[in-house]
Amino acid sequence: MTAGLGFLPIPQESGGYKAFFSSGAELNKIWGKGNWHPEVGFGLDYYKDGDFNDLLPRVTAAVRFQNSYSGFFFRPAISYSGFFKSEKFTLPIIWGGIGLGYTFD
């Protein structure tokens, strides 16, 4: 299971930035032996942007690097969380990122 918080400053046409917050939890499945492991996850994200509040499903694909003798890991990933809707446009919410963490096994 993974959980986290997110923040993204969105530039505004009038200048300045608007805050976009997210939080979420996800159940993950990891395969493989050795140091590199494919990983997929399914979860829920909560998004808040001014008047916009939404709970959206999330799907994640990742590759985890973790030595067998250590619980620390490195995880590049891509996530899809539905669609962000504003008055002017609709965009798919596709995130990419790098995770650093510790596995309690």
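Above this note sits the structure.
So, here is what we can say about the structure in this document. The written sequence of each chain sets the order in which its residues are numbered from 1. At least 70 in pLDDT is required for a residue's local features to be given in this predicted model, at least 80 for side-chain atom pairs to be given and counted, and no such filter applies to totals for whole chains, interfaces and linings, which use all residues. Side-chain metrics rest on all non-hydrogen atoms present in the structure, leaving aside hydrogens and water.

The next point concerns the side chain of Gln 66. In DSSP terms, a helix is any run of H or I states spanning at least four residues, a strand is any run of E spanning at least two, and both are numbered starting from the N terminus. Residue position: Gln 66 is located in the loop between β4 (52-65) and β5 (72-85). Identification of polar contacts relies on pairs of N or O atoms within 3.5 Å, with a donor-acceptor requirement for protein atoms, meaning one able to donate a hydrogen and the other able to accept it, and with residues adjacent in sequence counted only if both atoms are side-chain atoms. Only 3.4 Å separates the side chain of Gln 66 from the backbone oxygen of Ser 70, close enough to count as a polar contact.

To continue, consider the pattern of salt bridges. Any Lys or Arg side-chain nitrogen found within 4 Å of a carboxyl oxygen on Asp or Glu counts as a salt bridge. As enumerated under the stated definition, the model contains 5 salt bridges in all. Ionic pairing is found between Arg 58 and Glu 26, a salt bridge with its closest N-O pair at 3.4 Å. Residue Arg 58 is found in strand β4, and its partner Glu 26 is found in strand β2 (residues 17-30); the two are separated by 32 residues along the sequence. On the accessibility criterion, Arg 58 (15% relative accessible area) is buried. We call a residue buried when its accessible area falls under 20% of the maximum for its residue type, exposed when it is over 50%, and partly exposed in between, using a 1.4 Å probe and counting protein chains only. Residue Glu 26 is classed as buried on the basis of its relative accessible area, which comes to 2%. Because the salt bridges share partners, they merge into one network encompassing Glu 26, Glu 39, Asp 45, Arg 58, Arg 64 and Arg 75.

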